[in-house]
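Now for the letters of each chain:
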Amino acid sequence: MSLYLQLDTGWISRGLLKRKSNYSPVIVFETSDPKRLHQLKEYLLRQPDARYDYYFVYDQWEGLGRLVDSSSGPQFEPFRKRVGSSPLAQRVGTREEGGIQLQFFKSALKEVDAQLKSWRACFIIQNLSENREHETGLCSALRAWAIDPAVITKGSTVILVTADAERVLDDYTRELTVIVSVDPSRRDERSHIVRTTARELEVPLEDAGVEEIVMGTAGLSLHQMESVLLESYFRTQQFDLRVIKDLKSELVKKSGVLEVQEPTLGFGDIGGYDVIKGFIHKYVINVLRYADRARRYALPLPKGILFFGPPGTGKSLFATALASEVQLPFIHLVTENIYSKWLGESGQKMKNAIALAEKMSPAVVFVDEIDRFGRRGVATDSAGEETRRVFSQFLEWLGRPDREAIIVGTTNVPDQLDEAFLRTGRFDYKIPFLYPGEAARQDILLVHLGLKAGTSRRRPPLAIPEDGLRQFLAEEVVPLTANFSGAELEELVTRAKRQAFDRGAEGLEEIDFLRAARTFRVDHRHRTGVIETCLAQARRYTDDQGFLDAVEEEMGVKV
Ligand code: ATP
């Protein structure tokens, strides 16, 4: 049996079952995977319960053809209509020996229409262009066939294979058809493909290795799955997990909206913010780590966390660290790429991104500047309508009870988020990020100097003993950095390194830090305003008083 028939064919039978129960003779399979299309054709040609008298295929590039079986799999044979040399005949197709080939969609539809009503025929429409040029002809033909008694009684079936039914068909047509969305790949399918390909290429594999590849390739289609395995083999003569993950990241990046990143920084790389670390450890990391135990308590797993606060306060850093602590993939939803100048594309991109992120989950999905689409917007024109669509899709995802992705959103302006986002149940926790207090600032400087235990940051050469430096920083530098953000403290360390480098010194000394700190300009008047706003927001959005008190205490802003 061919590989494809050994994989999951449940999606095909689901569609055909609906056909059998006469729900509709028109089935739409939502997939863009050429391997799924191949699988469908093999199934239709070879499964006894799915046999038809004739098979027709319309392909954007090839025109109308017949589908025939061969030892190398399903084959496309151009369909030739026997006609005279009438001007009409010449207009509808290209001349070929023995008849004309039907290249134009409308003439193909007309031809097949007669066939569907005369025999038990199956008509597959594939590779339609995305630019909707077929829309009118396609929708009206599908609608007509969906309710045509001749088509129904003959047992004929029309199958449209497309990436997105909503994009090609209008609401009314979709109502009259059976729509089956096809999984890119199931876990057992990926495992089967890994084992079969390994056997064929004689790649030795341990069971544990297979499992890691299966997990690491979640969300890929069958076609992509095969491609990454082959490419990894050609590059390294084995199935190298690193290479496979990199190739997957490249493929996902092509979606334009998602990026898979390897979280390299952990909690050891975060200075200060012990209260938030403790909170996240207790309520997020431990619950995810001991998920089975949590389930015994009927404790829901955390699925949405909102980090809010001024720029540079470590919100993104915490999101990465969280993913690395729970050892989940880290997927970045690049919000700035969602909005497209092409009408209808933004909603489409969001839909695809959500589907792909879910397939790759459990994963931490990081949504920075969530306020970009966390506003309801007023739909006065089509662009506004598009913004609304993206907003509703995201909101719906956020509220979906079966969501597998753990969404970590960040914003500098939580008060601009729509109320619906902030409602209980959407985000489990809303965590404020204020500017670091004294102890935290000291700790952040130590992180960036590679002096904090557990950090992966490199230590620059020092011309003074470590203990002396710690004391000097605490007494002389930290007091100069009130209202600095974590990002600015990182920058301060860079500037100190630059000073030492310019001096041609052996290593960093006190003078380098003092020069860097004294010349670092921060607009304190403006910052005071930002802090006030931020505190007010923290009090408004955080519903855990004990936690809020501890955060304010740690940041030195408790009144
Ligand atoms: P924005 O709102 O602008 O996206 P953010 O709050 O997400 O900012 P990050 O991008 O996480 O801020 O921080 C920028 C950089 O500042 C980090 O990559 C990190 O190097 C440094 N940084 C911020 N906070 C800390 C911290 N607590 N400890 C160590 N480094 C920090």
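Computed from a predicted structure; not experimentally measured.

1. Some points on the confidence of the model for the protein chain
Then, number 1: For the protein chain, per-residue confidence averages 87 on the pLDDT scale, and 92% of positions sit at 70 or higher.
Then, number 2: In this model residues 92-97 is a low-confidence stretch, pLDDT under 50, and it forms 17 contacts with partners more than four residues away in sequence or in other chains.

2. Details of the packing of helix H20 (residues 438-448) against helix H21 (residues 466-477)
Then, number 1: H21 packs onto H20 with a crossing angle of 135° between their chain directions and a minimal axis gap of 10 Å. Relative to H21, the element H20 lies oblique. Read as a crossing pair, H20 and H21 show a hand that is right-handed. Touching Gln 442, Leu 445 and Leu 446 of H20 are Arg 470, Leu 473, Ala 474 and Val 477, all from H21.

3. Looking at the pattern of salt bridges
Then, number 1: Inspection of every chain in the model, using the stated rule, returns 28 salt bridges.
Then, number 2: In this structure, Lys 351 engages Glu 166 in a salt bridge whose closest nitrogen and oxygen atoms are separated by 3.8 Å. Placement of Lys 351 in helix H17 (residues 345-360) and of Glu 166 in helix H8 (residues 165-168) is noted, with a sequence separation of 185 residues between them.
Then, number 3: For Lys 351, a relative accessible area of 27% translates into the label partly exposed.
Then, number 4: In the salt-bridge network here, residues are joined through shared partners; they are Asp 164, Glu 166, Lys 351 and Arg 389.

4. Comments concerning the side chain of Thr 313
Then, number 1: Inspection of the secondary structure assignment puts Thr 313 in the loop between strand E12 (304-308) and helix H16 (315-326).
Then, number 2: In this structure the side chain of Thr 313 is engaged in a polar contact, spanning 2.7 Å, whose partner is the backbone oxygen of Pro 310.
Then, number 3: Not counting residues within four places of it along the chain, the set of residues in contact with Thr 313 comprises Tyr 273, Phe 433, Leu 434, Tyr 435 and Ser 485.

5. Quick notes on the site of the ligand
Then, number 1: In the vicinity of the ligand, 18 residues are found, and the nearest of them are Gly 271, Lys 315, Ser 316, His 448 and Glu 490.
Then, number 2: Side-chain polar atom of Lys 315 to an oxygen atom of the ligand: 2.7 Å apart, as the coordinates give it.
Then, number 3: Interatomic distance of 2.9 Å between a backbone N/O atom of Leu 317 and an oxygen atom of the ligand.
Then, number 4: Residue composition of the shell around the ligand, grouped by class: six nonpolar, eight polar and four charged.

6. Observations concerning H17
Then, number 1: In a regular helix each residue adds 1.5 Å, so 16 residues correspond to 22 Å; H17 covers 22 Å between its end C-alpha atoms and thus fits that length.
Then, number 2: Where H17 is concerned, the buried positions are Ser 346, Gly 347, Gln 348, Met 350, Ala 353, Ile 354, Leu 356, Ala 357, Glu 358 and Met 360.

7. Digging into the environment of Gln 39
Then, number 1: Within the element layout of this structure, Gln 39 appears in helix H3 (residues 34-46).
Then, number 2: Along the chain, Gln 39 and Val 57 lie 18 residues apart, while their C-alpha atoms are 15 Å from each other.
Then, number 3: In this structure, Gln 39 is in contact with Tyr 4, Leu 5, Leu 7, Asp 8, Thr 9, Trp 11, Ile 12, Glu 189 and Leu 222, ignoring residues within four places of it in sequence.
Then, number 4: Here Asp 8 takes part through its backbone oxygen, which lies 3.0 Å from a polar atom of the side chain of Gln 39.
Then, number 5: Only 2.9 Å separates the side chain of Gln 39 from the side chain of Arg 36, close enough to count as a polar contact.

8. Observations regarding the pairing of strand E10 (residues 178-181)
Then, number 1: The side-chain alternation of E10 yields one buried face, formed by Val 178 and Val 180, and one unburied face, formed by Ile 179 and Ser 181.
Then, number 2: Where strand E1 (residues 26-30) meets E10, four bridges bridge the pair, whose relative direction is parallel. From the neighbouring strand, Glu 30 faces E10, where its bridge partner is Ser 181.

9. Considering the sheet that holds E1
Then, number 1: Ordered by their spatial adjacency, seven strands build an open sheet running E4-E3-E2-E8-E9-E1-E10, and the pairing between neighbours is mixed. Two strands in the sheet have a free side with no partner beyond their single neighbour: strand E4 (75-78) and E10. Averaged over all pairs of adjacent strands, the angle between strand axes in this sheet comes to 25°, irrespective of strand direction.
Then, number 2: Pairing geometry for strand E2 (residues 54-59) and strand E8 (residues 121-126), over six bridges, is parallel. Bridging across to E8, Asp 59 finds its partner in Gln 126.
Then, number 3: Packing against the sheet, helix H5 (residues 105-118) makes contact with E2, strand E3 (63-68), E8 and strand E9 (157-162), and its axis sits at approximately 160° to E8.

10. Quick notes on the packing of aromatic side chains
Then, number 1: Summed over the entire model, instances satisfying the criterion amount to 23 aromatic pairs.
Then, number 2: Between Tyr 233 and Phe 234, the aromatic rings sit 5.6 Å apart at their centres with planes inclined by 65°, giving edge-to-face as the arrangement.
Then, number 3: For Tyr 233, a relative accessible area of 18% gives the class buried.
Then, number 4: What makes Phe 234 exposed here is its relative accessible area of 60%.
Then, number 5: Where Phe 394 meets Phe 421, the ring centres are 5.6 Å apart and the plane angle is 10°; that geometry is what we call stacked. Residue Phe 394 is located in helix H18 (residues 382-399), and its partner Phe 421 is located in helix H19 (residues 419-422); the two are separated by 27 residues in the primary sequence. Phe 421 carries the same exposure label as Phe 394, and that label is buried.
Then, number 6: Above the plane of the ring of Tyr 52 lies Arg 120, whose end atom (NZ or CZ) is 4.3 Å from the centre.

Thresholds applied
Residues numbered from 1 in each chain as written. Predicted model: local features only at pLDDT ≥ 70, side-chain atom pairs only at ≥ 80, totals over all residues. Heavy atoms only, no water. pLDDT = per-residue confidence, 0-100. Contact = heavy atoms within 4.5 Å. Axes fitted to C-alpha atoms, helices over the stretch in contact; angles between N-to-C directions. Helix = DSSP H or I, 4+ residues; strand = E, 2+ residues; numbered from the N terminus. Parallel < 35°, antiparallel > 145°, perpendicular 65-115°, else oblique. Left-handed = near helix turned anticlockwise from the far one by under 90°. Salt bridge = Lys/Arg side-chain N within 4 Å of Asp/Glu carboxyl O. Buried < 20%, exposed > 50% of the residue type's maximum accessible area, 1.4 Å probe, protein only. Polar contact = N/O pair within 3.5 Å; in protein donor to acceptor, adjacent residues only side chain to side chain. Near = heavy atom within 4 Å. Nonpolar A, V, L, I, M, F, W, Y, C, P; charged D, E, K, R; others polar. Expected span 1.5 Å × (residues − 1). Pairing = 2+ DSSP bridges. Phe/Tyr/Trp six-rings, centres within 6.5 Å; stacked < 30°, edge-to-face > 60°. Lys NZ or Arg CZ within 6 Å of the ring centre and 35° of its normal.

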